[in-house]
Amino acid sequence: MLQLKAGQLELLFDTELAFARYIKFDGEEVLRGIYAAVRDCDWNTVPFTVSDLQFEQTEAGFQVEWLATSLHVEVAYQWKGILRGSAIGELQFSFDGLAKSIFKRNRIGFCVLHAGEQAGVSCTVEHTNGSLTQSHFPYYISPHQPFSDIRAISHRMTNGNMVEVKMCGDTFEMEDQRNWTDDSFKTYCTPLELPFPVVVHPGDRVEQHVQVRIEPTGQKQQEVGGSGNIQRTCRVEVDWDSLARRPGIGFGLWGVQLYQRPYSDQESVRTTLAKTLPDYLRVDLRLFESDWLAELSAAVDLSGELDCQLEIALTVESTQNRLLQNEAWNLLLTELEQLVAGRGTLIRQILLYDRNSKTTPKELSLDVASQLCEIVGAVPIIVGSNAYFTELNRGRPYPVENFPVCYSINPQVHAFDNRSVAETIEAQKATLASAVAYFGRRVAISPVSLRPRFNPNATRTLDPMKELESGIDPRQNSGFAAAWTVGVASALLVHSKLESLTLYEVAGPRGIMSYEGTAYPMLDVCKYLLNQHEVASATTSNPLSIVALGAEDGEGTRSVIVGNMSDQKVYVCIDALESQLDAESFQIIPL
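Cut-off values and rules
Residues numbered from 1 in each chain as written. Predicted model: local features only at pLDDT ≥ 70, side-chain atom pairs only at ≥ 80, totals over all residues. Heavy atoms only, no water. Helix = DSSP H or I, 4+ residues; strand = E, 2+ residues; numbered from the N terminus. Rg over C-alpha atoms; globule rule 2.2 N^0.38 Å. Contact = heavy atoms within 4.5 Å. Areas by Shrake-Rupley, 256 points an atom, 1.4 Å probe, with all protein chains shown as cover. Core = buried A, V, L, I, M, F, W, Y, C linked by side-chain atoms within 4.5 Å. Buried < 20%, exposed > 50% of the residue type's maximum accessible area, 1.4 Å probe, protein only. Pairing = 2+ DSSP bridges. Axes fitted to C-alpha atoms, helices over the stretch in contact; angles between N-to-C directions. Expected span 1.5 Å × (residues − 1). Parallel < 35°, antiparallel > 145°, perpendicular 65-115°, else oblique. Nonpolar A, V, L, I, M, F, W, Y, C, P; charged D, E, K, R; others polar. Phe/Tyr/Trp six-rings, centres within 6.5 Å; stacked < 30°, edge-to-face > 60°. Lys NZ or Arg CZ within 6 Å of the ring centre and 35° of its normal. Left-handed = near helix turned anticlockwise from the far one by under 90°. Salt bridge = Lys/Arg side-chain N within 4 Å of Asp/Glu carboxyl O.

## A look at the overall build of the protein
Scanning the protein from N- to C-terminus turns up 10 helices and 35 strands. Computed over the C-alpha atoms, the radius of gyration of the protein is 25 Å, within 12% of the 25 Å expected from 2.2 N^0.38 for a compact globule of 591 residues. The principal-axis extents of the C-alpha atoms in the protein amount to approximately 75 × 60 × 45 Å. Within the protein, contacts between residues at least 6 apart in sequence are counted, and of these 67% link residues at least 24 apart. Of the roughly 23,900 Å² of accessible surface on the protein, 47% is carried by carbon and sulfur atoms.

Laid out in structure tokens, this is it:
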């Protein structure tokens, strides 16, 4: 990581990702970042390696040059990058790319990120024909592109400085990346209205440039915390007046048939889970597959052993208001009727999805949900998306009665490094606030995972085992993942409209422990959360790295759990208390 500075202009340059981050002028963040990407036909970001890095820093400015080479076996691509910064408040980023093989791409080129904190700020958009549009960055998350046909976009910072970002080499448009919990508004090349994927041939060249110009007002601003390098001492403040009952917390069950690991064989897992006491367990039933009844039976047995409820994620297949698996549907209704008769409180809620739609179709909300309600009574039938918030935002399902809506969360749709993952905490708050604003009801988030569990936008049918492997993150068993989990809790559990929060899977490579029952660091975070009766919101002086949540258990004892997502040791100050927090770790501080 290079710390670059030219006068009042400064930024971090990530040498592994060729990513200009946290671009600041006069102490205030101007842009969250600028980077270039190659996206394949399934919208996967092609990984690359950086070589031939050259760096020059003078009093007048800096210049960095490098060569980026694709690591994808089918996508042979190479591009040269140049980043220049000057003391007069100008930054230039150049991209010169060359294809070395034939492949299909959805996009090649620059992405410019304005931070999510710009929500609601006025801006001026210059279009490719020179016309201007006066508007503002969306406050609630925009389902579709807020701006299109962009040549340049400018806005004024809180200290009065004017910022203009101009893009050349393609037509650009903006999307609200908070839809995927990226904490930014992304201006990207190649409008989505154009056909994709597009075949790229060897020798095809792409040249693009981004120019950032800052016009200072002369008003000096003090250093703003929260972006760039981590502060060595971080202040934490808890709003105990916000103390409220903790929403329900549960864990997902791994698919017995897919993983070939029956719950009954995992004695150490069950023992550890019994000590953790989750409020409920999520079981996925895909009614169009033959193993759904076995999955339900195994989940019922495990929930009975643990004395906890079930969240049933039910995916059906329908067309024109007609279920395609009538025999399975009738059998399911019979099973549910027997479960309700035997253990009336077993089912906490039912999440209703359709196999062929990204969000629950209206006909399912009206017809299928009504049939379920006749069987399960007051148990919430929750519609929404099994995928990202963006699908809920764009597909806007028809909610059932006064029941909640639902969606899932993961931090790695567009970027995968620790800093980008950490930034998603702030955007998670925006998804929940926007869902409440758009639907006017409570929200169930299920599940939270480190990696996407499947690709809802794939243009090809993917092998289930390969898709399963793509959903595994090697950081699952890490202090960073535990600290990020603290951040998830701090962002979501304190919202008055959160119905429930389903975290990860019980065991395995996407779980809170191994199949052998060995605890991952995030398990202790989950145990702490489940042991709390009420939670309170907390703020930190560096929210992109340090996250915190206040809590009170059933006996009235208060504490604060703090997570450090950075790679540096930090001193945390809460009132008169000071505690040292290791890099990529969490700590519970009793009060």
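After that view, the rundown keeps rolling.
## As for the nonpolar core
Ranked by internal contacts, the top residues of the largest apolar core, which has 99 residues, are Leu 281, Ile 312, Leu 314, Ile 350, Ile 381 and Val 506. Not counting residues within four places of it along the chain, the set of residues in contact with Leu 281 comprises Phe 251, Leu 253, Leu 273, Leu 302, Leu 306, Cys 308, Gln 309, Leu 310, Glu 311 and Val 506. Of all hydrophobic cores here, the second largest spans 51 residues; its members include Ala 6, Val 46, Phe 172 and Val 210.

## Brief notes about the sheet that holds strand 21 (residues 280-286)
The strand order around the closed barrel built from eight strands is 20-21-22-25-26-27-28-29, with neighbouring strands paired in parallel fashion. Strand-to-strand twist across the sheet, computed as the mean angle between neighbouring axes with direction ignored, equals 30°. Here strand 28 (residues 443-448) pairs with strand 29 (residues 498-505) via four bridges, running parallel. Residue pairing in the sheet places Val 443 in a bridge with Leu 498 of strand 29. Contacts from helix 3 (residues 292-306) reach strand 21 and strand 22 (309-316) within the one sheet, and its direction differs from that of strand 21 by about 170°. Relative to strand 29, helix 9 (residues 479-492) is tilted by about 170°, and along the sheet it contacts strand 27 (405-409), strand 28 and strand 29.

## As for helix 9
An α-helical segment advances 3.6 residues per turn. Residues three or four places apart therefore align on the same side. For helix 9, spanning 14 residues, the distance from its first C-alpha to its last is 20 Å, which sits close to the expected 20 Å at 1.5 Å a residue. Counted residue by residue, helix 9 has 13 buried out of 14 residues, so it is predominantly covered.

## With respect to the packing of helix 3 against helix 4 (residues 326-342)
One way to put it is that helix 3 packs onto helix 4 with a least axis distance of 11 Å and a crossing angle of 10°. With respect to their mutual orientation, helix 3 and helix 4 come out roughly parallel. Contacts from Trp 292, Leu 293, Leu 296 and Val 300 of helix 3 reach helix 4 at Ala 328, Leu 331, Leu 332, Glu 335 and Leu 339. Taken together, the residues of the contact of helix 3 with helix 4 sort by class into eight nonpolar, no polar and one charged.

## Some points on the pairing of strand 2 (residues 9-14)
Among the six residues that make up strand 2, six are buried, leaving the element largely enclosed by the rest of the structure. Here strand 2 shows a buried face lined by Leu 9, Leu 11 and Phe 13 and a second buried face lined by Glu 10, Leu 12 and Asp 14. Where strand 1 (residues 2-6) lies against strand 2, five bridges are found, and the strand directions are antiparallel. Bridging across to strand 2, Leu 2 finds its partner in Phe 13. The antiparallel hairpin formed by strand 1 and strand 2 contains two residues in its connecting segment, where Gly 7 sits at a positive phi of about 65°. Summarising the sheet, strand 2 and strand 3 (residues 19-25) pair through five bridges and their orientation is antiparallel. Residue Phe 13 lies in a different strand from strand 3, and its bridge partner there is Ala 20. Between strand 2 and strand 3, which pair antiparallel and follow one another directly, the connecting turn spans four residues, one of which, Ala 18, has a positive phi of 50°.

## Focus on unusual backbone geometry
With an omega dihedral of 0°, the bond running from Phe 196 to Pro 197 counts as a cis peptide bond. The omega torsion of the bond from Ser 446 to Pro 447 falls at -15°, within 30 degrees of zero and hence cis. Structurally, Pro 447 is set in strand 28. You will see that Ala 18, though not glycine, has its phi angle at about 50°, which is positive. One can find Ala 18 in the loop between strand 2 and strand 3. The exposure class assigned to Ala 18 is buried, which follows from its relative accessible area of 0%. One non-glycine residue, Trp 43, lies in positive phi territory at about 70°. Position of Trp 43 relative to the elements: it lies in the loop between strand 4 (28-40) and strand 5 (48-57).

## Structural notes on the packing of aromatic side chains
Between two aromatic rings, the relevant description is the distance of the centres plus the angle of the planes. Taken as a whole and assessed by the stated rule, the structure comprises 16 aromatic pairs. Measuring from ring centre to ring centre gives 4.9 Å for Phe 93 and Phe 110, while their planes differ by 70°; the resulting arrangement is edge-to-face. Here the residue Phe 93 occupies a position in strand 8 (residues 90-99), and Phe 110 occupies one in strand 9 (residues 103-115), the gap between them amounting to 17 residues. Clustering of aromatic rings is evident, with ring pairs tying together Phe 13, Phe 48, Trp 66, Trp 79, Phe 93, Phe 95 and Phe 110. Directly above the aromatic system of Phe 288 lies the positively charged group of Arg 355, at a separation of 4.1 Å from the ring centroid. Between the NZ or CZ atom of Lys 362 and the centre of the ring of Tyr 398, over which it lies, the distance is 4.9 Å.

## Some details on the packing of helix 4 against helix 5 (residues 362-376)
It is at 9 Å that the axes of helix 4 and helix 5 come closest, and there the two elements cross at 30°. Compared by their axis directions, helix 4 and helix 5 come out roughly parallel. Note on packing geometry: the crossing formed by helix 4 with helix 5 is right-handed. Here Trp 329, Leu 333, Leu 336, Glu 337 and Val 340 of helix 4 come into contact with helix 5, specifically with Val 368, Gln 371, Leu 372, Ile 375 and Val 376. Tallied by class, residues from the contact of helix 4 with helix 5 come to eight nonpolar, one polar and one charged.

## Some words on the pattern of salt bridges
Enumeration according to the criterion identifies 22 salt bridges in this entry. Lys 80 serves as the salt-bridge partner of Glu 65, at 3.8 Å between the closest nitrogen and oxygen. Within this pair, whereas Glu 65 is found in strand 6 (residues 61-70), its partner Lys 80 is found in strand 7 (residues 77-86), the two being separated by 15 residues in sequence. The exposure class of Lys 80 is partly exposed, given its relative accessible area of 39%. Notably, a salt bridge pairs Arg 510 with Glu 505, separated by 2.9 Å at the nearest N-O pair. The exposure classification of Arg 510 matches that of Glu 505, with both residues buried.

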